[in-house]
Protein chains: 2
Amino acid sequence: MTRALPKVLAFDVFGTVVDWRGSVARESISFLAAIGRADVDPAQFADVWRMQYLRTMQDYAVSGRAFVPLDVLHREMLEAALRGIDVDPAVLDQELLTDWNRAWHRLDPWPDAVAGLTRLKARFPIVTLSNGNVALMLAMARRGGLPWDAILGAEVTGFYKPDPRAYEATARILDVAPADLCLVAAHHSDLAAARACGLATAFVGRPLEYGGREAPDAAARQDWDWVAGDFGELAERLGC
Amino acid sequence: MTRALPKVLAFDVFGTVVDWRGSVARESISFLAAIGRADVDPAQFADVWRMQYLRTMQDYAVSGRAFVPLDVLHREMLEAALRGIDVDPAVLDQELLTDWNRAWHRLDPWPDAVAGLTRLKARFPIVTLSNGNVALMLAMARRGGLPWDAILGAEVTGFYKPDPRAYEATARILDVAPADLCLVAAHHSDLAAARACGLATAFVGRPLEYGGREAPDAAARQDWDWVAGDFGELAERLGC
């Protein structure tokens, strides 16, 4: 590998660091039961919720909507997902919906994540570059023991990935050249957008993110600067 | 103490967590020598630099100037301080000035800070609410071992303390009511501005901040919600 080592590692979080699907499905079992819909497959409910997210993020810049934190968008998507199973969210206990929405604050790290991040942190500053808002990332980090040096991302820059400004502003805030900032992500589409802004790229495979099915952005694969099967392997590749 | 415990602790940093005066004076010794001005008292040079900062922050909102990170302002203040000792910064090595300016990235924690923060962090999320920019706070934290859960403050909100929006936006980003956010600071003026926004307040005395002289905001003292002599004592008061 001839590419120079980065100065800072910025991590995508949902899917890369934490298992959103398994965690949201696990959380949704009791909420679905509480609203009398134990018949709904919780993993499928999580998938529907997440697919709305992917579409919303892709189109956010062109939607013309002012920036609102992801907690607000997640709530709107939860209500849409409920309508999709013929449940009117307006008649439900609003505190239950708030708590259900906070399932995204309680996502479990992949088994290698905490040890891998700790090893990487010994050599590199490690920050989040997630579309999750600060309160969400903070709660998730404290619950899961994720040792971030700083929580950056959409709420700090005011732009959602894959908007180029999300990557560029993060490098500017960190006071490093884009080439000295490496995005670590399990998603080819995210890495492609980062590379287009001049960032370095590290792909970490998370084959279970979609329950073993192919990722929706599989076709966006490129020859990334670093490729690893988990964070421990990434630490090795980066000389930690 | 009948006041309810806060949900999040937000820390002023310069003077409260780290010893800016001792550190900037120590760093300035070699820089003053490098420019042939070893005759200048480095502690007095640090004081002049800092006094400009205090004036700039106080007037920033009414100045009409767009937000720029503190690194940029510190650099302007360094150049002004140099002109104050009859040195033209334009003729100096610009890399030396950049490095000198980064003295603010290399401030030493007060002796009790790391252990106290670690103890507080076990019970409360601990975040910065400093006028220092993210890159500065991140470098300082990694060098000094400050275990922040998140780096917030001026660059994240876009407002410098004591502008009320700096405090209010921080509570909003953390998704807590102002009364559930406690500012920890060694400065009465900072705490007074926070209290005016509804925040809880904890004063930690740092009698050596100004080399043993009285603080410029001593007259702003009030009956704060918690008062402690160091972070260990604060942890005790907050039941950690």
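Everything numeric here is computed off the predicted structure, so don't read it as measured data. (Residues numbered from 1 in each chain as written. Chains lettered and ligands numbered in written order. Predicted model: local features only at pLDDT ≥ 70, side-chain atom pairs only at ≥ 80, totals over all residues. Heavy atoms only, no water.)

Asks: Would you mind going over the overall build of chain A with me for this structure?
Replies: Summing up its helical and strand segments, chain A has 10 helices and 6 strands in all. Taking 240 residues into account, the globule formula puts the C-alpha radius of gyration at 18 Å, and chain A, at 18 Å, falls close to it. Judged by the C-alpha coordinates and their principal axes, chain A covers about 55 × 40 × 35 Å. Relative to its 240 residues, chain A shows a buried fraction of 57%. Long-range pairs, those at least 24 residues apart, make up 69% of the contacts in chain A with a sequence separation of at least 6. For chain A, the exposed surface amounts to about 9600 Å²; the carbon and sulfur share of it is 53%. Separation of charge centres in chain A, based on 25 positive and 32 negative side chains, amounts to 3 Å. (Helix = DSSP H or I, 4+ residues; strand = E, 2+ residues; numbered from the N terminus. Rg over C-alpha atoms; globule rule 2.2 N^0.38 Å. Buried < 20%, exposed > 50% of the residue type's maximum accessible area, 1.4 Å probe, protein only. Contact = heavy atoms within 4.5 Å. Areas by Shrake-Rupley, 256 points an atom, 1.4 Å probe, with all protein chains shown as cover. Lys, Arg positive; Asp, Glu negative; His and termini not counted. Charge placed at Lys NZ, Arg CZ, Asp CG, Glu CD.)

Asks: Can you walk me through the sheet that holds strand S1 (residues 8-11) of chain B in this structure?
Replies: What links the strands of a sheet is backbone hydrogen bonding, and the strands pair in either a parallel or an antiparallel sense. Residue and element names in this part refer to chain B. Reading across the sheet, the 6 strands line up as S3-S2-S1-S4-S5-S6 and stay open at both edges, with parallel pairing between neighbours. Two strands bound the open sheet, and with one partner strand each, they are strand S3 (150-153) and strand S6 (226-228). With direction set aside, neighbouring strand axes in the sheet form an average angle of 25 degrees. (Pairing = 2+ DSSP bridges. Axes fitted to C-alpha atoms, helices over the stretch in contact; angles between N-to-C directions.)

Asks: Teacher, can you tell me more about the pattern of salt bridges here?
Replies: Between side chains of opposite charge, a pair can form when the charged atoms approach closely. Residue and element names in this part refer to chain A. Considering all chains together, one arrives at 42 salt bridges over all chains under this definition. For Arg 3, the salt bridge is made with Asp 225, and the minimal N-O distance between the two is 3.4 Å. Taken as a pair, Arg 3 in the segment before strand S1 (8-11) and Asp 225 in the loop between strand S5 (200-204) and strand S6 (226-228) lie far apart in primary sequence, 222 residues in all. On the basis of relative accessible area, Arg 3 is assigned to the partly exposed category, the value being 30%. Take Asp 225: its relative accessible area is 12%, and that puts it in the buried class. What emerges from the salt-bridge pattern is a single network uniting Arg 26, Glu 27, Asp 99, Arg 106, Asp 108 and Arg 143. (Salt bridge = Lys/Arg side-chain N within 4 Å of Asp/Glu carboxyl O.)

Asks: Any chance you could explain the sheet that holds strand S2 (residues 126-130) of chain A here in plain terms?
Replies: Residue and element names in this part refer to chain A. Across the sheet, which stays open at both edges, the 6 strands sit in the order S3-S2-S1-S4-S5-S6 with parallel pairing between neighbours. Of all the strands in the sheet, just strand S3 (150-153) and S6 have a single pairing partner and so form its edges. Recorded for the sheet is a direction-independent mean angle of 25 degrees between the axes of neighbouring strands. Pairing geometry for S5 and S6, over 3 bridges, is parallel. Each bridged residue has a counterpart across the sheet, and for Val 204 the counterpart in S6 is Ala 228.

Asks: Help me out: how do you make sense of the relation of the copies chain B and chain A in this one?
Replies: Copies of the same chain, two in number, are related to each other by a rotation about an axis and a translation along it. Overlaying chain B with chain A gives an RMSD of 0.0 Å, the required rotation being 180 degrees about an axis along which the chain moves by 0.0 Å. The two molecules are tied by a two-fold rotation axis, judged by turn and shift. Residue by residue, 100% of the interface of chain B is reproduced at the interface of chain A, so both copies engage with the same surface. (Least-squares fit on C-alpha atoms with pLDDT ≥ 70 in both.)

Asks: Sorry, what's going on with the interface of chain B and chain A here?
Replies: Reports of interface size often rely on the accessible area that becomes lost once the parts have come together. With 21 residues of chain B at the interface, the matching set in chain A holds 21 residues. Between chain B and chain A the total buried area reaches about 1600 Å² when both faces are included, carbon and sulfur atoms providing 57% of it. Of all residues in chain B, Leu 138, Arg 142 and Ile 173 of chain B bury the most surface against chain A, accounting for 33% of the area lost on that side. Counting across the chain B and chain A interface gives 4 salt bridges. Note that Arg 142 of chain A and Asp 149 of chain B form a salt bridge whose closest N and O atoms lie 2.8 Å from each other. Remark: the boundary between chain B and chain A carries 6 residue pairs in polar contact (both at pLDDT 80 or more). When residues of the side of chain B that touches chain A are traced back to their parent elements, those giving at least two are helix H6 (134-144), S3, helix H7 (154-157) and helix H8 (164-174) of chain B. Counting residues per element, the side of chain B that touches chain A draws most heavily on H6 of chain B, at 4 residues. (Buried area = accessible area lost by both parts, 1.4 Å probe. Polar contact = N/O pair within 3.5 Å; in protein donor to acceptor, adjacent residues only side chain to side chain.)

Asks: I would appreciate a short explanation of helix H4 (residues 94-101) of chain A in the present structure.
Replies: All names here are of chain A. Taken together, the buried positions of H4 are Leu 96, Leu 97, Trp 100 and Asn 101. All buried residues of H4 fall inside an arc of 135 degrees around its axis, so they share one side. Summarising the contacts, the buried residues of H4 are in contact with helix H1 (20-34), helix H2 (42-63) and helix H3 (70-84). The backbone nitrogen of Glu 95 has a side-chain oxygen 2.9 Å away, supplied by the residue at the start of H4, namely Asp 93. (Arc of directions from axis to C-beta.)

Asks: Just checking my understanding: could you explain the domain arrangement of chain A for this structure?
Replies: Residues and elements named next belong to chain A. Taken domain by domain, chain A consists of domain 1 (8-19 + 107-237) and domain 2 (21-105). Look at where the C-alpha atoms of domain 1 and domain 2 centre, and you get two points 23 Å apart. With 27 residues of domain 1 at the contact, the number on the domain 2 side is 24 residues. For the pair domain 1 and domain 2, the two sides together bury roughly 2000 Å², of which 56% comes from carbon and sulfur. The largest share of the area that domain 1 buries against domain 2 comes from Phe 14, Leu 107 and Tyr 160, three residues that together contribute 31% of it. Remark: the boundary between domain 1 and domain 2 carries 2 salt bridges. Close ionic contact of Arg 26 with Asp 108 constitutes a salt bridge, the shortest N to O distance being 2.4 Å. The tally of links between domain 1 and domain 2 comes to 11 residue pairs in polar contact (both at pLDDT 80 or more). Where the side of domain 1 that touches domain 2 is concerned, the elements lending two or more residues are helix H6 (134-144) and helix H7 (154-157). A per-element tally of the side of domain 1 that touches domain 2 places H6 first, with 5 residues. Counted by class, the side of domain 1 that touches domain 2 contains 12 nonpolar, 6 polar and 9 charged residues. (Domains from an automatic or database assignment. Nonpolar A, V, L, I, M, F, W, Y, C, P; charged D, E, K, R; others polar.)

Asks: Explain the side chain of Thr 170 of chain B here, please?
Replies: Looking at the element boundaries, Thr 170 of chain B is found in helix H8. Residue Thr 170 of chain B is classed as buried on the basis of its relative accessible area, which comes to 1%.

Asks: Got a minute to help me understand the side chain of Asp 163 of chain A in this structure?
Replies: As for its placement among the helices and strands, Asp 163 of chain A is situated in the loop between H7 and helix H8 (164-174). A distance of 2.8 Å separates polar atoms of two side chains, one belonging to Asp 163 of chain A and the other to Arg 165 of chain A.

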